[in-house]
Structure formats: structure tokens, C-alpha cells
Amino acid sequence: MAGSQRRRSFNGALLRAAVPRAPAGVEVREFDPSRLPFYDGDLEAAGDPEPVPELKEAVHAADLVLLVTPEYNGGLPAVMKNAVDWASRPPRPHAWDGKPVAIMGATPGRLGTALAQRSLRESLAGLNARVMPQPRILLAGAGALFDEELRLTDRGTLARLDKFMSAAAEWARRFR
């Protein structure tokens, strides 16, 4: 799940680059969190609106959830936090409880989404998710790492992404 609504998002591109780098036997399904309405208790009371049940079912069914977040003004984008919030709602146990999660992000800036990832880790820790501690992918200067078609072309970053995806698959196996 990429937490950006931009059509030419570095984070969407990073997610697309990660999918073929998953180890053999790993199936990756993408979910677009921008389709979710903003969380509202009144909406929830009337019954989860589409596509909230799809999100909850996808998180429950996943062996691991890969979250790819941009950083907006030193924090987490609303679309990503909204997805976390909706998936945390009943039925119990909520979707994040005990769920293995891996986080990465890309930005044209210099901090490589460190603050957004910290905020996301804190939110998920409060929901009892099992966030992979290492390795981390915090891509700074993303404009130099992707080509005009938003393909990740930096060899060092591709090697790091291979290690990250292998580690994420192993992280998921730990909690099966």
C-alpha cells in the first residue's frame, strides 16, 4: 500500500519496484488507500462503506503488510493514517493485531521519510502490529534514483531493495 495520491508518486514507483523483487513464492497484492473515505464514526455506525471491508479483509489475510509512505511536512500523509485507522476498527481482533508490517518510503528531500516512518511505526506499535525493525528503506533524493518513467534505476538502491524484500519475507515467516 502506497500512501500517496499523486499519479507520479515516487512511493508508488518504489512499491512497483519492490513487487518483482519479492522472493520466489511471495504473492503481492496492492491496495489503493486513496479509495477510502475519511474515517468517520457515523459512517462506521451505519456499516463499513466500500472499500473498507476490502481493506480489512486484505490486511487480515496478508502474511505481511508492506506500507510505502511519503512524508508531508515532517509527518504521515492523511491517506496512509486513514487506512491505518480504518483497519484498526472492529471486528475484533482488529486487522493490525499481531500483523507483521514492513515500512519504506521515498522523498525528493534529504530525510528519506524518517519522520513519517517514525510516526507510522508509533501508530502501528499502539495497535500491536509487528513492525520489522531492520533493514530500513528511507530513500532521500528520490528524483535522482528514478528515471523519467519512474523506474528505479539506481543499482545500489535496487540491491538494498532486494535485501529489504528478502528480510520482509523472513519477518512474515517468523509470525506465521
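Rules and cut-offs
- Counting starts from 1 at the beginning of each chain's written sequence and moves along it residue by residue.
- Predicted model: local features are reported for residues with pLDDT of at least 70 only, side-chain atom pairs are reported and counted for 80 or more only, and whole-chain, interface and lining totals are derived from all residues.
- Excluding hydrogens and water, the side-chain values take into account all heavy atoms of the structure.
- Each helix is a run of DSSP H or I of at least 4 residues and each strand a run of E of at least 2, with the numbering of both proceeding from the N terminus.
- Each residue gets one of three labels from its accessible area relative to the maximum for its type: buried under 20%, exposed over 50%, partly exposed in between, using a 1.4 Å probe on protein chains only.
- Note that the arc is computed from the directions linking the helix axis to the C-beta atoms.
- In what follows, residue pairs with any heavy atoms lying within 4.5 Å of each other are defined as contacts.

1. Points about unusual backbone geometry
Next, step 1: With an omega of 0°, the peptide bond running from E50 to P51 counts as cis.
Next, step 2: Of note, P51 is situated in the loop between helix 2 (41-45) and helix 3 (52-61).
Next, step 3: Of note, the bond from P90 into P91 is cis; its omega dihedral lies within 30 degrees of zero at 15°.
Next, step 4: Considering the arrangement of structural elements, one finds P91 in the loop between helix 4 (78-87) and strand 2 (100-106).
Next, step 5: Of note in this structure, N73 is not a glycine but carries a positive phi near 50°.
Next, step 6: Take N73: it is sitting in the loop between strand 1 (65-68) and helix 4.
Next, step 7: Positive phi, close to 60°, is recorded for L150, a residue that is not glycine.
Next, step 8: Residue placement: L150 occurs in the loop between strand 4 (137-139) and helix 6 (155-174).
Next, step 9: What makes L150 buried here is its relative accessible area of 8%.

2. Remarks on helix 3
Next, step 1: V52, L55, K56, A58 and V59 are the residues of helix 3 that are buried. Taken end-on, helix 3 shows its buried residues confined to a sector of 165°, consistent with a single buried face. Opposite the buried face of helix 3, at more than 90 degrees from it, the exposed residues are E57 and A61.
Next, step 2: Each element contacted by the buried residues of helix 3 is listed here: strand 1 and helix 4.

3. Topic: the environment of A168
Next, step 1: Within the secondary structure, A168 sits in helix 6.
Next, step 2: Residue A168 is classed as buried on the basis of its relative accessible area, which comes to 3%.
Next, step 3: Distance in space between the C-alpha atoms of A168 and T157 is 16 Å, their sequence separation being eleven residues.
Next, step 4: Beyond its immediate chain neighbours, meaning those up to four positions away, A168 contacts L64, A102 and M132.

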